[in-house]
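# A closer look at the structure
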Amino acid sequence: MTQAPTPTADTVRRLVRSLLKEGDDGTGGPEVRPVTEEQEHTWWIGGRHVLRLAPDREASVRRRRELRLRDLVRPHVPVAVPTSVAHGDWAPGLAYTLDTRVPGGTADEYDVSAVGEADLAGLLSGLREVPARQAEALGVPRTAPRSLEALRRMAVHAAERLAAADEFDAARLHQLTPPGAAQLAAQSGTAVLTHHGLTGAHVLVSADGRVRGILDWTAAALGDPAEDIAGLAVAVGSPAAVRAATLAGYGARPCLRGLWLARCDTVIRLTDHLEGRTTGSLPLLRTQLRRAWEPILLERVTDLQEDDPEE
């Protein structure tokens, strides 16, 4: 397989000049710089645009699908979804999109206010309203719900290793028992369009705590709505995520399922990092663990009503 080229500042600058027609007069055009050192395929272009370069052909398929999906989602949600001002190929078979920059910082920088939680509720409600057939026609895949019991077992072993490293109290996972995990299995007929990649970096928040936009729709899928509740628990904390999901009309079952998906995921991800299986920011992983394990009012898995249409 041909090795994909690594984008450089010169590569980006030449592409941007051709797209924005800036710099042809000798002024040099807008400043270009990678968003982070680890994200060599995502670049700030001046103060108004962001350039996203697909690193391979599979990512290119997702980028092209995302362009159409964002247009489908935008009328249904109360927060900004990035708009592309140009798109094409930056190298043979490798897609790019030049998007308008959505103002705001990330949820890793700003806390979400009560009004911001209502914004998140509108996001979850809006995604549920997107016609599944239209999303599927764009190529959005269907994903099967994850087994919470299988995830729980993995998390129990991971928690024991975190406890040995003095990173976590493994007894906290005892709150989720095998019968509890079984009660929180995904219900049939509940698949909706999900962002499926909500993190603090993808949730844009203003200084007053309002949620201004949601970035990166390339992982979107038709599936378990608890996955987005779990993503929000990691991004903004479990209490805010559960309050937002409740405002969106979700009942106790999907809220608790999302909570425990997030808790198990964060335990496993931190263990994988500490044992050298993954890379990334250790402080961020610890922060995500803390957010997911923030207590909520409804902690215990109790007798849930099987016939509740909202759950």
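Scroll up to find the structure this text is about.
## Describing the overall build of the chain
- When its secondary structure is counted, the chain shows 10 helices and 10 strands.
- Relative to the globule expectation of 19 Å for 311 residues, the C-alpha radius of gyration of the chain, 21 Å, shows essentially globular dimensions.
- For the chain, the spread of C-alpha atoms along the three principal axes comes to 70 × 45 × 45 Å.
- The proportion of buried residues among the 311 residues of the chain is 49%.
- Long-range pairs, those at least 24 residues apart, make up 74% of the contacts in the chain between residues at least 6 apart in sequence.
- Summed over its atoms, the accessible surface of the chain is roughly 15,000 Å², and 52% of this surface lies on carbon and sulfur atoms.
- Averaging the positions of the 36 positive and the 42 negative side-chain charges in the chain gives two centres separated by 4 Å.

## So, the packing of helix α3 (residues 114-129) against helix α7 (residues 226-236)
- With their axes 12 Å apart at the nearest point, α3 and α7 run at an angle of 160 degrees to one another. When the axes of α3 and α7 are compared, the pair comes out roughly antiparallel. Handedness of the α3/α7 crossing: right-handed. Between α3 and α7, the residues in contact are Leu 120, Leu 124 and Leu 127 and Asp 228, Leu 232 and Val 236, respectively.

## Things to note about helix α1 (residues 9-20)
- With 12 residues, α1 extends 16 Å between its outermost C-alpha atoms, agreeing within 8% with the 16 Å of an ideal straight helix rising 1.5 Å per residue.
- Listed as buried for α1 are Val 12, Leu 15 and Val 16. Angularly, the buried residues of α1 cover 100 degrees about the axis, an arc narrow enough to put them on a single face.
- Packing partners of the buried residues in α1 comprise β1 (32-34), β2 (42-45), β3 (49-53), β4 (84-91) and β5 (94-100).
- At the C-terminal side of α1, Lys 21 shows a positive phi close to 55 degrees.

Rules used in this analysis
Residues numbered from 1 in each chain as written. Predicted model: local features only at pLDDT ≥ 70, side-chain atom pairs only at ≥ 80, totals over all residues. Heavy atoms only, no water. Helix = DSSP H or I, 4+ residues; strand = E, 2+ residues; numbered from the N terminus. Rg over C-alpha atoms; globule rule 2.2 N^0.38 Å. Buried < 20%, exposed > 50% of the residue type's maximum accessible area, 1.4 Å probe, protein only. Contact = heavy atoms within 4.5 Å. Areas by Shrake-Rupley, 256 points an atom, 1.4 Å probe, with all protein chains shown as cover. Lys, Arg positive; Asp, Glu negative; His and termini not counted. Charge placed at Lys NZ, Arg CZ, Asp CG, Glu CD. Axes fitted to C-alpha atoms, helices over the stretch in contact; angles between N-to-C directions. Parallel < 35°, antiparallel > 145°, perpendicular 65-115°, else oblique. Left-handed = near helix turned anticlockwise from the far one by under 90°. Expected span 1.5 Å × (residues − 1). Arc of directions from axis to C-beta.

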